[in-house]
Amino acid sequence: MRRKTNSRKATWLLVGAGAAMVAGRLMERGLDRGWRAWKDEDPPSFKGGDSWAKALGWTALSAAAVATAELVARRSADVGLRQLTGRRAPAGL
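Residues numbered from 1 in each chain as written. Predicted model: local features only at pLDDT ≥ 70, side-chain atom pairs only at ≥ 80, totals over all residues. Heavy atoms only, no water.

Student: Please give an account of the overall build of the protein that cites residues and values.
Tutor: Along the backbone of the protein there are two helices and zero strands. The C-alpha radius of gyration of the protein comes to 18 Å, more than 25% above the 12 Å expected for a compact globule of 93 residues. Dimensions of the protein, computed from the C-alpha atoms along their principal axes, are close to 60 × 20 × 15 Å. In the protein, which comprises 93 residues, the proportion classed as buried is 22%. Of all intrachain contacts in the protein linking residues separated by at least 6 positions in sequence, the fraction that spans at least 24 positions is 56%. As presented, the protein carries roughly 7,100 Å² of accessible surface, and 59% of it is formed by carbon and sulfur atoms. Each charge class in the protein was averaged separately, 17 positive and 8 negative side chains, and the resulting centres sit 19 Å apart. (Helix = DSSP H or I, 4+ residues; strand = E, 2+ residues; numbered from the N terminus. Rg over C-alpha atoms; globule rule 2.2 N^0.38 Å. Buried < 20%, exposed > 50% of the residue type's maximum accessible area, 1.4 Å probe, protein only. Contact = heavy atoms within 4.5 Å. Areas by Shrake-Rupley, 256 points an atom, 1.4 Å probe, with all protein chains shown as cover. Lys, Arg positive; Asp, Glu negative; His and termini not counted. Charge placed at Lys NZ, Arg CZ, Asp CG, Glu CD.)

Listed below in C-alpha coordinates is the structure:
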(Lines give C-alpha, C1' and ligand atoms only; values in the text may rest on other atoms or scores of the structure.)
Protein backbone atom coordinates (compact mmCIF):
# COMPACT_ATOMS: atom_id res chain seq x y z
CA MET A 1 0.00 0.00 0.00
CA ARG A 2 2.75 2.46 0.94
CA ARG A 3 4.70 1.72 -2.22
CA LYS A 4 1.63 2.47 -4.35
CA THR A 5 1.11 5.78 -2.54
CA ASN A 6 4.74 6.77 -3.11
CA SER A 7 4.39 5.88 -6.77
CA ARG A 8 1.28 8.05 -7.08
CA LYS A 9 3.08 10.96 -5.41
CA ALA A 10 6.09 10.60 -7.69
CA THR A 11 3.88 10.42 -10.76
CA TRP A 12 1.91 13.47 -9.68
CA LEU A 13 5.08 15.43 -8.96
CA LEU A 14 6.37 14.67 -12.45
CA VAL A 15 3.07 15.47 -14.18
CA GLY A 16 2.35 18.62 -12.17
CA ALA A 17 5.88 19.99 -12.34
CA GLY A 18 6.21 19.10 -16.02
CA ALA A 19 2.97 20.86 -16.91
CA ALA A 20 3.99 23.94 -14.92
CA MET A 21 7.45 24.09 -16.49
CA VAL A 22 6.13 23.77 -20.03
CA ALA A 23 3.40 26.37 -19.44
CA GLY A 24 5.84 28.78 -17.80
CA ARG A 25 8.34 28.48 -20.62
CA LEU A 26 5.66 28.93 -23.29
CA MET A 27 4.30 32.01 -21.52
CA GLU A 28 7.80 33.46 -21.20
CA ARG A 29 8.45 33.00 -24.92
CA GLY A 30 5.04 34.41 -25.79
CA LEU A 31 5.63 37.51 -23.68
CA ASP A 32 9.03 38.12 -25.28
CA ARG A 33 7.65 37.69 -28.78
CA GLY A 34 4.63 39.84 -27.98
CA TRP A 35 6.84 42.65 -26.67
CA ARG A 36 9.05 42.49 -29.75
CA ALA A 37 6.03 42.57 -32.06
CA TRP A 38 4.44 45.46 -30.17
CA LYS A 39 7.48 47.65 -29.54
CA ASP A 40 9.88 46.38 -32.25
CA GLU A 41 12.65 46.10 -29.61
CA ASP A 42 13.89 43.64 -26.99
CA PRO A 43 12.04 43.52 -23.67
CA PRO A 44 13.46 45.84 -20.99
CA SER A 45 16.36 44.60 -18.90
CA PHE A 46 18.74 46.01 -16.35
CA LYS A 47 21.67 45.27 -18.67
CA GLY A 48 20.15 47.05 -21.65
CA GLY A 49 20.40 50.49 -20.08
CA ASP A 50 16.65 50.76 -19.63
CA SER A 51 15.21 52.75 -16.75
CA TRP A 52 14.66 51.00 -13.43
CA ALA A 53 10.92 51.63 -13.63
CA LYS A 54 10.62 50.10 -17.09
CA ALA A 55 12.76 47.05 -16.20
CA LEU A 56 10.95 46.47 -12.89
CA GLY A 57 7.57 46.86 -14.55
CA TRP A 58 8.49 44.28 -17.19
CA THR A 59 9.82 41.93 -14.51
CA ALA A 60 6.63 42.20 -12.45
CA LEU A 61 4.38 41.73 -15.48
CA SER A 62 6.27 38.73 -16.80
CA ALA A 63 6.55 37.09 -13.36
CA ALA A 64 2.81 37.45 -12.76
CA ALA A 65 1.97 36.06 -16.21
CA VAL A 66 4.33 33.07 -15.85
CA ALA A 67 3.08 32.29 -12.33
CA THR A 68 -0.53 32.43 -13.54
CA ALA A 69 0.24 30.12 -16.46
CA GLU A 70 1.97 27.66 -14.13
CA LEU A 71 -0.97 27.71 -11.71
CA VAL A 72 -3.47 27.12 -14.50
CA ALA A 73 -1.35 24.25 -15.84
CA ARG A 74 -1.13 22.55 -12.43
CA ARG A 75 -4.86 22.96 -11.82
CA SER A 76 -5.63 21.63 -15.29
CA ALA A 77 -3.39 18.63 -14.65
CA ASP A 78 -5.28 18.02 -11.41
CA VAL A 79 -8.63 18.15 -13.22
CA GLY A 80 -7.31 15.84 -15.94
CA LEU A 81 -6.03 13.37 -13.34
CA ARG A 82 -9.42 13.40 -11.62
CA GLN A 83 -11.23 12.75 -14.89
CA LEU A 84 -8.89 9.92 -15.89
CA THR A 85 -8.59 8.12 -12.56
CA GLY A 86 -11.46 9.43 -10.47
CA ARG A 87 -8.95 10.35 -7.76
CA ARG A 88 -7.55 13.63 -6.57
CA ALA A 89 -3.87 14.45 -6.59
CA PRO A 90 -2.00 13.18 -3.51
CA ALA A 91 -2.35 15.50 -0.52
CA GLY A 92 0.51 17.66 0.67
CA LEU A 93 2.08 18.30 -2.73
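This is not the end of the story, as more comes after the structure.
Student: Quick rundown of the packing of aromatic side chains? Include the residues and the values.
Tutor: Under the definition given, this model contains two aromatic pairs. Between Trp-35 and Trp-38 the ring centres are 5.6 Å apart and the planes differ by 85 degrees, which places this aromatic pair in the edge-to-face class. Taken as a pair, Trp-35 and Trp-38 lie in helix 1 (residues 2–39) at a separation of three residues, close to a single helical turn. On the accessibility criterion, Trp-35 (12% relative accessible area) is buried. (Phe/Tyr/Trp six-rings, centres within 6.5 Å; stacked < 30°, edge-to-face > 60°.)

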